[in-house]
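Coordinates in review
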Amino acid sequence: MVSSYFYRYFVAVEEQKRIEMRERLEKGKSYKLLQKIADIMDRYYLDAALGFAIPGGVGDAIAAVFSIGYVLFSAIGVRSFPLTLAILNNTLRDVVLGMIPFYIGDVFDIFHRSNRQNMTLIRGFVEGDQEIIHTVNRKAGYSLAIFIGLCILLIIMIRIVIWAAQYMFSLF
């Protein structure tokens, strides 16, 4: 009987801490800014538009700069390593897909919507959505391997773009 009382008390205290953290994070300026970034980048297809407007992967790199806020918020604000890994996974996947030549990658950007995915992960994690938390924790195990693989692919794509640019400039 005593142990069930302590268990209920412990659960209630943990739930109260989670609610207070959620309220603090949701009322913060950075959380609201991230929501606006997700709306602008994905609803109005600014992510894909940057890739179309500035070719060679540069537009995709500029669009990726906006994702730094999600990474910092998950690492510093939420303090969740698995969430940070999942967000890095989405962001790097978006950059690598966007860098596929001949504007094919930019078409993928229209459908991928990594900013919205990142915001959904953050919102679900902060709100205590058990399905999102389970998804983030499940993805954390393989996200590190994917992250390393995507970094290698990104380096290869950058080298290919640099090589192609040098080749094209050597023709003139």
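Residues numbered from 1 in each chain as written. Predicted model: local features only at pLDDT ≥ 70, side-chain atom pairs only at ≥ 80, totals over all residues. Heavy atoms only, no water.

Moving on, we get to unusual backbone geometry. Phi is positive for Tyr45, which is not a glycine, with a value near 60°. On the secondary structure map, Tyr45 appears in the loop between helix 2 (29-43) and helix 3 (46-53). Judged by its relative accessible area of 36%, Tyr45 is partly exposed. The backbone phi angle of Arg79 is positive, close to 60°, even though this residue is not glycine. (Helix = DSSP H or I, 4+ residues; strand = E, 2+ residues; numbered from the N terminus. Buried < 20%, exposed > 50% of the residue type's maximum accessible area, 1.4 Å probe, protein only.)

Summary statistics for the protein give a mean pLDDT of 86 and a share of 98% for residues scoring 70 or more. At the level of individual helices and strands, the protein shows its lowest average pLDDT in helix 1 (residues 2-27), which scores 78, and its highest in helix 5 (residues 68-77), which scores 93. (pLDDT = per-residue confidence, 0-100.)

Our focus in this paragraph is the packing of aromatic side chains. All chains considered together, the criterion is met by three aromatic pairs. Where Phe52 meets Tyr103, the ring centres are 5.6 Å apart and the plane angle is 20°; that geometry is what we call stacked. Highlighted residues: Phe52 in helix 3 and Tyr103 in the loop between helix 6 (81-98) and helix 7 (104-112), separated in sequence by 51 residues. Among the residues examined, Phe52 registers a relative accessible area of 36% and is labelled partly exposed. Here Tyr103 falls in the partly exposed class, since its relative accessible area comes to 39%. (Phe/Tyr/Trp six-rings, centres within 6.5 Å; stacked < 30°, edge-to-face > 60°.)

Turning to its location among the elements, Thr84 is positioned in helix 6. Looking at Thr84, the relative accessible area reads 10%, which means it is buried. Leaving out residues up to four positions away in the same chain, Thr84 has contacts with Val71, Ser74 and Ala75. (Contact = heavy atoms within 4.5 Å.)

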